[in-house]
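# Working through the structure, step by step
Listed here are the chains, written in short residue letters.
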Amino acid sequence: MASGTERDPILILRIDGEDLQEFLAAPQLETVATSMYSEIADANDIHECTVKALNKLTVDHGMPPTSDPWVHANIVEPSLQLSDLPRDEGPISQEIFIESLKKVLGNVVAKLKDQPVIVAHSEKIFDGSGIKRLFSDNYQMDQAIDSAWKSLPKDQEGQLSREYLRVALDVLAPAVSLPAYGTVDQMDAATAQVFEMVKAEEESTLNREEFNKLITEILTNLMLKLEGKPVTVSSNAVVNEPITSTLVAPSSQ
């Protein structure tokens, strides 16, 4: 696992419709579409409903990032137009939604075969291994926690307000391969759950020993939570210029 100061590896993907065609023919499509339907059935019409569904598909399904202007203009919009979906407002049944989605995806596959999209894909997995690695080296762990303690403001008696515990975690983040608070929603949620579990945000102050014990408890619980349910963050950027390279790979990983 790379530390916060290292670059994430980038994989160049050539999305040419092959993986999306496999997804379209697989039973998994029905499962994914059913899950989507519960989230987007409140759309005004089947056209809007289908667009929302397309936005939820990823390179793992063989779909280029629909948020990219070029992809939207050259792949998504033409596929929707070819599908000629009705714009009549009213309740949308799950069956109609799935059939419409299949129809549009079929057109997207055809477009991608004619115009493959090159995507620079990076992925980071927060699985607690960075915390575990720090815990395995007592000296480095003591140094990191000591540095965090010294960087935080104290009151006149040398006590630390608990409101600075999130700041302390941010100071420790590079050492344990975690993102800064506020940059990854899933990590923020996991951290909030751990803080609630250990009652970290009670209104009181901490001395040095209490701080060491509590920040270690926070890191331990966060490690266990991430080991049980890792957080994956990926980013995709369309490369406008054609690329000829041995790094070009199919979109499935």
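Please refer to the structure higher up on the page.
The paragraphs below set out a description of the structure included in this document. The numbering scheme is per chain: residues are counted from 1 as the chain's sequence reads. In view of the model being predicted, local features appear only for residues whose pLDDT reaches at least 70, and side-chain atom pairs are presented and counted only at 80 or more, with totals across whole chains, interfaces and linings using the full set of residues. Calculation of side-chain values draws on the structure's entire complement of heavy atoms; hydrogens and water are dropped beforehand.

In this section: the side chain of aspartate 45. Where helices and strands are cited, they refer to DSSP runs of H or I of at least four residues and of E of at least two residues respectively, numbered from the N terminus. Inspection of the secondary structure puts aspartate 45 in the loop between α2 (28-40) and α3 (46-56). Burial classification: accessible surface area is computed with a 1.4 Å probe over protein chains only, and a residue below 20% of its type maximum counts as buried, one above 50% as exposed, and the rest as partly exposed. On the accessibility criterion, aspartate 45 (9% relative accessible area) is buried. Within polar-contact distance, the side chain of aspartate 45 engages the backbone nitrogen of histidine 47 at 3.0 Å. Pairing of N or O atoms within 3.5 Å defines a polar contact, subject to two protein rules: one partner must be a possible hydrogen donor and the other a possible acceptor, and residues neighboring in sequence count only if both atoms are side-chain atoms.

Next up on the list: the nonpolar core. Buried Ala, Val, Leu, Ile, Met, Phe, Trp, Tyr and Cys residues that are joined via side-chain atoms within 4.5 Å together make up what is termed a nonpolar core. Ranked by internal contacts, the top residues of the largest apolar core, which has 35 residues, are Leu20, Leu54, Leu57, Phe97, Leu101 and Leu105. Listed by contribution, the elements that provide at least two residues to this core are β1 (10-15), α1 (18-25), α2, α3, α4 (69-83), α5 (94-114) and β2 (117-126). Considering each element in turn, this core owes the most residues, eight residues, to α5. Throughout, a contact is declared for two residues whenever any of their heavy atoms are within 4.5 Å. Excluding anything up to four places from it in sequence, phenylalanine 97 contacts Ala33, Met36, Tyr37, Ile40, Ile46, Cys49, Thr50, Ala53 and Ile92. Val198, Ala200, Leu226 and Val231 belong to the second-largest nonpolar core, a separate cluster that totals 34 residues.

This paragraph deals with helix α9 (residues 185-197). The periodicity of an α-helix, 3.6 residues per turn, causes residues three or four places apart in sequence to face the same way. By definition here, a helix of n residues has an expected span of 1.5 Å times n minus one. Here α9 is 13 residues long and its end C-alpha atoms lie 18 Å apart, about the 18 Å a rise of 1.5 Å per residue gives. Residues of α9 that are buried sit in contact with β2, α8 (165-172), α10 (208-228) and β5 (231-238). Downstream of α9 by one or two residues, lysine 199 has phi in the positive range, about 55 degrees.

Here we take up the pattern of salt bridges. The term salt bridge refers to a pairing of a side-chain nitrogen on Lys or Arg with a carboxyl oxygen on Asp or Glu at a separation within 4 Å. Scanning the model with the defined rule gives seven salt bridges in all. The partner of lysine 56 in a salt bridge is glutamate 39, with the nearest N and O atoms 2.9 Å apart. With lysine 56 in helix α3 and glutamate 39 in helix α2, this residue pair connects regions lying 17 residues apart in the sequence. What makes lysine 56 partly exposed here is its relative accessible area of 37%. Overall, glutamate 39 belongs to the partly exposed group, its relative accessible area being 47%.

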